[in-house]
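Here's the letter readout for the chains.
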Amino acid sequence: DIVLTQSPALAVSLEQRATISCKTSQNVDNYGISYMHWYQQKPGQQPKLLIYEGSNLASGIPARFSGSGSGTDFTLTIDPVEADDIATYYCQQSKDYPNTFGAGTKLELK
Amino acid sequence: EVQLVESGGGLVQPGRSMKLSCAASGFTFSNYGMAWVRQAPTKGLEWVATISYDGSSTYYRDSVKGRFTISRDNAKSTLYLQMNSLRSEDTATYYCTREDFDYSSSHWFAYWGQGTLVTVSS
């Protein structure tokens, strides 16, 4: 299985930049596309797609969110952070089955 | 508006069965692969199973293979998950998701239902 590693938590101040990393145990690129996706989950709610294929912003998601990276190293950036962004963020790969998620990074206010 | 509404969760004893349903609306159901993703209490997300748009292909995580069956009825725009021989470790909120895709075979979980809680306990 492809293992995705995320830091458990990140403390950030409002209006600052948050950088959340995700490292994979194997290359998740294929045909020049990164099979890496990012989700946001707030307490008591279902997850919401933010970024697909490494850097594509999902419909309705503010441009404060961006994704980058390739191969085995990926980053979700929120700039600037707003109060509504306090949540847990998950990366997920769809290169291979089983599709796997990172353990999540909880974004907290400093 | 895309809507996915799960039902069928609840309390079930170990070893027993349960069937989840997901009613889809707001899109052409038969054009999309669908998946179940679960989340144990206070834990992270875990992919469970995927079914292709026409039901011809299915994929399962190893821990549910042989016990769970994903299926769909395109005429009813409904996704199912039949769960047999349930174990305590299957306790989780089960989310129905729509898989969006491109022609490189990449896919992602674009829409999620609100989830249905399955508790396996005696």
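All figures in this text were calculated on a predicted structure; none of them were measured in a lab.

Cut-offs applied
- Residues numbered from 1 in each chain as written.
- Chains lettered and ligands numbered in written order.
- Predicted model: local features only at pLDDT ≥ 70, side-chain atom pairs only at ≥ 80, totals over all residues.
- Heavy atoms only, no water.
- Contact = heavy atoms within 4.5 Å.
- Buried area = accessible area lost by both parts, 1.4 Å probe.
- Salt bridge = Lys/Arg side-chain N within 4 Å of Asp/Glu carboxyl O.
- Polar contact = N/O pair within 3.5 Å; in protein donor to acceptor, adjacent residues only side chain to side chain.
- Helix = DSSP H or I, 4+ residues; strand = E, 2+ residues; numbered from the N terminus.
- Pairing = 2+ DSSP bridges.

S.K.: Explain the interface of chain A and chain B to me, please; I cannot follow it from the model alone.
M.R.: Size of an interface: often given as the accessible area lost when the parts come together. Each side of the interface is counted separately: chain A has 19 residues, and chain B has 21 residues. Between chain A and chain B the total buried area reaches about 1800 Å² when both faces are included, carbon and sulfur atoms providing 61% of it. Of all residues in chain A, the largest losses of buried area upon contact with chain B belong to Gln46, Tyr97 and Phe101 of chain A, amounting jointly to 31% of the total for that side. Summed over the shared surface of chain A and chain B, the result is zero salt bridges. Where chain A meets chain B, there are nine residue pairs in polar contact (both at pLDDT 80 or more). Elements with a contribution of two residues or more to the side of chain A that touches chain B: β6 (36–41), β7 (48–52) and β11 (88–93) of chain A.

S.K.: Is there a simple way to explain the sheet that holds strand β9 (residues 65–70) of chain A in this structure?
M.R.: Whenever strands of a sheet pair, they do so through backbone hydrogen bonds, lying parallel or antiparallel. Residue and element names in this part refer to chain A. An order of β1-β3-β10-β9 is seen for the four strands of this open sheet, with the pairing classed as antiparallel. What marks the edges here is a single partner per strand, and that holds for β1 (4–5) and β9. Note: β9 against strand β10 (residues 73–78), six bridges, orientation antiparallel. Counted as the bridge partner of phenylalanine 65 is isoleucine 78 from β10.

Any functional reading would require information beyond the geometric quantities listed.
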